[in-house]
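# Per-entry structural report
The residues making up each chain are set out below.
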Protein chains: 2
Amino acid sequence: MNHKLLEKYVELIIRKGINIQPKQQLLIICPIECAWFAHELMKAAYSAESGEVFIRWIDDEGERIRYIHAPDYVFTSYPEWNKLMMNKLCKEKAAVISILSTDPSALQGVSQERIQQDMQSAQIALQYYRDSLMSNRTQWCVLSIPSPSWAQKIFPNLEVDKAMEKLWEKIFLTSHIDRNDPINNWNIHIKELEVRLNILNKYNFKELIFENSLGTKLTLELVKGHIWTGGSERTLEDKIEFIANIPTEEIFTTPKRDGVNGVVYATKPLIYMGDIIEDFVIEFDRGKVINVSARKNQKLLEKLVSSTFGTNFLGEVALVPYDSPVSKSEIIFYNSLYDENASCHLALGKAYPSTVKGTEGKSEEELLKMGVNCSMEHEDFMIGSDDMNITGIMYNGKKIPIFINGNFVF
Amino acid sequence: MNHKLLEKYVELIIRKGINIQPKQQLLIICPIECAWFAHELMKAAYSAESGEVFIRWIDDEGERIRYIHAPDYVFTSYPEWNKLMMNKLCKEKAAVISILSTDPSALQGVSQERIQQDMQSAQIALQYYRDSLMSNRTQWCVLSIPSPSWAQKIFPNLEVDKAMEKLWEKIFLTSHIDRNDPINNWNIHIKELEVRLNILNKYNFKELIFENSLGTKLTLELVKGHIWTGGSERTLEDKIEFIANIPTEEIFTTPKRDGVNGVVYATKPLIYMGDIIEDFVIEFDRGKVINVSARKNQKLLEKLVSSTFGTNFLGEVALVPYDSPVSKSEIIFYNSLYDENASCHLALGKAYPSTVKGTEGKSEEELLKMGVNCSMEHEDFMIGSDDMNITGIMYNGKKIPIFINGNFVF
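Along each chain, residue indices are assigned from 1 in the same order as the chain's sequence is written. Chain letters and ligand numbers both follow the written order, the letters beginning at A and the numbers at 1. Per-residue local features are limited, in this predicted model, to residues with pLDDT of at least 70; the limit for side-chain atom pairs, both in listing and counting, is 80 or more; totals at the level of whole chains, interfaces and linings are taken over all residues. Excluded from the side-chain calculation are hydrogens and water; included are all heavy atoms of the structure.

## Some words on the relation of the copies chain A and chain B
How we decide: Each copy is superposed on the other by least squares, with the fit set by C-alpha atoms of residues at a pLDDT of at least 70 in both. The contact rule is simple, with two residues in contact once any of their heavy atoms fall within 4.5 Å.
Least-squares fitting of chain A to chain B yields an RMSD of 0.0 Å, with the transformation described by 0.0 Å of translation along the axis and a rotation of 180°. With respect to symmetry, the two chain copies, as superposed, fit the operation of a two-fold axis. Identified as the residue of chain A closest to the rotation axis by C-alpha distance is W81 of chain A, at 2.4 Å. Same-surface contact between copies: 100% of interface residues of chain A are shared with the interface of chain B.

## What to know about the side chain of E379 of chain A
Selection criterion: The numbering of helices and of strands both runs from the N terminus, where a helix is a DSSP run of H or I of at least 4 residues and a strand a run of E of at least 2.
Here E379 of chain A lies in strand β17 (residues 378–382). Residues within four places of E379 of chain A in sequence aside, it is in contact with L270, I271, Y272, L304, L346, A347 and L348 of chain A.

## Brief notes about the nonpolar core
As a reminder of what qualifies: We call a set of buried residues a nonpolar core when its members are Ala, Val, Leu, Ile, Met, Phe, Trp, Tyr or Cys and they connect through side-chain atoms within 4.5 Å of each other. Throughout this description, buried means an accessible area under 20% of the type-specific maximum (1.4 Å probe, protein chains only), exposed means over 50%, and partly exposed covers the range between.
Ranked by internal contacts, the top residues of the largest apolar core, which has 259 residues, are Y9 and F37 of chain A together with Y9 and F37 of chain B. Beyond its immediate sequence surroundings of up to four residues, Y9 of chain A is in contact with F37, L143, S144, I145, W168, I171, F172, S175, I177, I246 and Y338 of chain A.

## Considerations on the pattern of salt bridges
Threshold: Salt bridges are defined as contacts in which a side-chain nitrogen from Lys or Arg sits within 4 Å of a carboxyl oxygen from Asp or Glu.
Tallied over the entire structure, the rule returns 37 salt bridges over all chains. In this structure, D131 of chain A and K350 of chain A form a salt bridge, with 3.7 Å as the shortest nitrogen-oxygen distance. Highlighted residues: D131 of chain A in helix α6 (residues 127–134) and K350 of chain A in the loop between β16 (345–349) and α13 (364–370), separated in sequence by 219 residues. Taking relative accessible area as the criterion, K350 of chain A reaches 5% and is therefore assigned buried. A salt bridge links K88 of chain B to E92 of chain B, with the nearest nitrogen and oxygen atoms 2.7 Å apart. Note on E92 of chain B: relative accessible area 39%, which makes it partly exposed. Residues participating in the shared-partner salt-bridge network are E52 of chain A together with E63, R66 and D118 of chain B.

## Here's the deal with the interface of chain A and chain B
Threshold: In short, buried area is how much 1.4 Å probe accessible area vanishes from two parts on joining, totalled over both. The term polar contact refers here to a pair of N or O atoms within 3.5 Å; inside protein, the definition further demands a hydrogen-donor-capable atom paired with an acceptor-capable atom, and it admits residues adjacent in sequence only when both atoms are side-chain atoms. Asp, Glu, Lys and Arg are counted as charged, while Ala, Val, Leu, Ile, Met, Phe, Trp, Tyr, Cys and Pro are counted as nonpolar; the rest, among them Gly, fall into the polar class.
In this complex, chain A contributes 30 residues to the contact, which on the side of chain B involves 30 residues. Taken together, both faces of the contact between chain A and chain B bury some 2800 Å²; the carbon and sulfur share is 73%. Broken down residue by residue, the surface that chain A buries against chain B is led by Y46, E52 and W81 of chain A, which jointly contribute 24%. Taken together, chain A and chain B are joined by 4 salt bridges. Put simply, E80 of chain B and K88 of chain A hold a salt bridge, and the shortest N to O gap is 3.7 Å. Across the chain A-chain B interface, the total number found is 6 residue pairs in polar contact (both at pLDDT 80 or more). When residues of the side of chain A that touches chain B are traced back to their parent elements, those giving at least two are α2 (35–47), β2 (53–58), α3 (60–69) and α4 (80–91) of chain A. Of the residues forming the side of chain A that touches chain B, the biggest block, 6 residues, is contributed by α4 of chain A. Partitioned by chemical class, the residues of the side of chain A that touches chain B number 17 nonpolar, 5 polar and 8 charged.

## Let's talk about the environment of K217 of chain A
Residue and element names in this part refer to chain A. Checked against the element boundaries, K217 lands in strand β6 (residues 217–222). Spatially, the C-alpha atoms of K217 and T102 are 33 Å apart, while their sequence positions differ by 115 residues. Contact partners of K217, with chain neighbours within four places excluded, come to F210, E211, N261, G262 and V263.

## Considerations on the confidence of the model for chain A
Short version of the rule: A residue's pLDDT is the confidence the predictor assigns to it, expressed on a 0 to 100 scale.
Residues at a pLDDT of 70 or more form 100% of chain A, whose mean pLDDT is 95. If you check the scores for this complex, the pTM reads 0.92 and the ipTM reads 0.91.

## Thoughts on the packing of aromatic side chains
All names here are of chain A. Rule in force here: In this analysis, rings of Phe, Tyr and Trp, with Trp reduced to its six-membered ring, are considered paired at centre separations within 6.5 Å, and the interplanar angle assigns stacked below 30 degrees, edge-to-face beyond 60, and tilted for intermediate values.
This structure, assessed with the given rule, holds 34 aromatic pairs over all chains. Seen from their ring centres, W150 and Y338 are 6.1 Å apart, and the 55° between their planes marks the pair as tilted. Pair noted here: W150 is in helix α7 (residues 148–154) and Y338 is in helix α12 (residues 336–339), with a separation of 188 residues, a long-range link. No difference in accessibility class separates W150 from Y338, as the two residues are buried. With centroids separated by 4.9 Å and ring planes inclined at 35°, the aromatic side chains of F333 and Y338 adopt a geometry described as tilted. Using a relative accessible area of 0% as the deciding quantity, one classes Y338 as buried. Following the ring pairs from residue to residue traces out a cluster consisting of Y9, W36, F37, W168 and F172.

The following block contains the structure:
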């Protein structure tokens, strides 16, 4: 890859994405194959006078071996030391960078029961950590770098080096990394997103209606006190600015848990438990999923909407123009971070309390009462298309077009 | 490398080296570059019906970056979660495999004060773990696989692939991996070592005298109740047989802490804190190091013998014939595991309580009183040569030749 752009990418992540503070600890969650990149982040963090940098290693191949060969009982528990690491660092407000570059088919053919059991054990153990991040207790940033298996999944006709090179180009392009100052590029980008979310927040819509020629027809009520969020966010107490996803093109908020009705067609594959669900439809009635069907991996989709509490309700609605840079790359990335920034999307499961006024310190019970969905999972799926129309309905009944033919009206 | 031999090497480690028991947990301590090998061990362990296999990753490059760039205060503490992992698994009698394949010069140029501070923090945190392993509370096994930097340190004139290939050959050769059944090879090897240690144990020597033309002249009293150990060992309570080092050619026991007098010349480099000490001499008086000198890295050697309690006394004496397979490879491996099995050696620091009768459950104070050295460190250094003569002095004053010209008399 281009080394000058790489330097800028690293700088962007540390100075703007995670915005590490002097003496603040940093946790990097990193696949072992991406160690070299974690080392670049470490150096940049220390040179920004961070506190200690810790790495939690992800070992996809080891996970696969464990899922296939380990005895059943290992999946019902979660290592105490991992829980201690994640929760302690989170309590001490360490910033968290997650590097995603997993082969989307890494767990194909593995027992879904085992994966599901294992995920649930982890979700229970890491509840404090997850809740803390989703309410912006500390800065967090999710990003990707190419791995050979991921690059070849996207560009199956290229040799591995060429595929890696091409994926790096796409990553730089969509992350606004070019010959200019990346921090400045992002300041401009964030301003553009803010213009739109300020408009949406002023309208304070009661409902959104999604319609396209695929068959999507969905009425989605927004929760009272919802805040459209996007670009950069701020930590709960210290108000430190950070960017939770790089790239990011989405403007998102929280639907009312029991206020979603109609049918929605997915427009990109969904990666879940290391396998790919394709061409699927979900039907909602008073917020609840009442029907799912998929051309590929329907069973897995059924598992998702019945796996744990709350995965059969929506927790997020996000608007992304069809002409966003990620979308214009015209690639299916098989990676939520990228695909979700190329497409309007919804998420099953946990809502981001930071996108609803008055949620600070609220219990799950209280959140549910407010209409804010709770769950241990949060799974995005993509619904955007080039003919998506979205209309906002105000409390006074007035209809305002938001999207026409896949793009923002304003 | 030869894949058939690799399979046998893995089988040897799991079935004979660590001798994993059904449902027993396994901890693999593995450099991230050697992940593929840890995966082979995982598969073999699960197929031997082990319990869960955990990997603790070692990241040499990350460590180097941390030593160079992190703020001072990070070296005075040790991550609680690592301590929990190691101590908990050890308490539950998980078996422990350590893969050594570090570049011997990995930390060259790094602040020795930082490394020393960091090592001490780790040693304090992991005292229970270290003490448990050194008294054979559970099975443990140390082995090596080639890494590019290590292979090129040994074979600097070969290209990296060739150097790796050659190092694999040496590893298979010295680990008795050939076309025959590796378990059977090792049963024979262990029997041969047993013959010699039985003879030594019967003599129950009071003292050993080491002499060669380099200038070594050392009188080394053995502690009362010492047991010559070698080949395979057994766990303290469950008496599970295992091999602590692969390869292993040494027969070792414990010197009397205050019973060592004279001068000893090192015959191979010593790797300490990621750097290399060469051509050095140590002088002892009543057990204590009273003088050291080294042609290369004398300061580092001085650090070693003054670093923590007990590193200025001996904790181990080991006999290895000059014509051992590791020695006959005529290579300096820059790796204690290999170099110590090519040469008679001594260790500064902690003794193995398992090599002295009546040490079970004894406190450090009691061990010291018995003449068994205690320390948080244990550093081997090599003293064997082709003209080393070793004479045993029995309690009745009788002199018995043990080594003549570098090899066992019996």
